Amino acid sequence: YTTLFRSVFFDCKAQIPTADEVLENTIKKLGHKVRIIRTDRGLSQEALAEKADLNRSFVGLLERGKTNITIKNLEQIANALDIDIKYLFDFVLYS
């Protein structure tokens, strides 16, 4: 039993993600969340960008998880979507 426990829990070769991989995953989840809320609100990327005073191409990059975002811009997007900024980080866990 002890040998099995060790082999399952301690000797496994599961790779721990790097900080960069965790950040990249968070950026993708955040972008996906923005897209879901934007489409639920019936807004185009152009309309969201205009309401948030941002460039449309930036919104597209954000939604695809291809760019990082400042807190200021994130706040502008949250305000444009009429939500609290913390809601953008309420990710649904999926595999």
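Described in the following lines is the structure provided in the data block. Given the structure is predicted, the values throughout are model-derived calculations rather than measurements.

**A closer look at the overall build of the protein chain**
A tally of helices and strands in the protein chain yields five helices and zero strands. Seen in sequence order, the protein chain has helices and strands lined up from the N terminus as α-α-α-α-α. Among the 95 residues that make up the protein chain, the fraction classed as buried is 32%. Contacts spanning at least 24 positions in sequence make up 55% of the contacts within the protein chain whose residues lie at least 6 apart.

**As for the environment of N68**
Relative to the helices and strands, N68 resides in the loop between α4 (56–63) and α5 (71–80). Remark: the alpha-carbon pair of N68 and T26, spanning 42 residues in sequence, is separated by 10.0 Å. Residues in contact with N68, not counting those within four places in the same chain, are I27 and F58.

**Points about the nonpolar core**
Among the nonpolar cores identified, the biggest contains 19 residues, and V34, L48, I69, I77, L81, I83 and L88 are the most heavily contacted of them. With four residues, α5 is the single largest residue contributor to this core. Contacts of L88, omitting those with residues within four sequence positions, involve L30, K33, V34, I37, L74, A78 and I83.

Definitions and cut-offs
- Residues numbered from 1 in each chain as written.
- Predicted model: local features only at pLDDT ≥ 70, side-chain atom pairs only at ≥ 80, totals over all residues.
- Heavy atoms only, no water.
- Helix = DSSP H or I, 4+ residues; strand = E, 2+ residues; numbered from the N terminus.
- Buried < 20%, exposed > 50% of the residue type's maximum accessible area, 1.4 Å probe, protein only.
- Contact = heavy atoms within 4.5 Å.
- Core = buried A, V, L, I, M, F, W, Y, C linked by side-chain atoms within 4.5 Å.

Keep in mind these numbers describe shape, not what the thing actually does.
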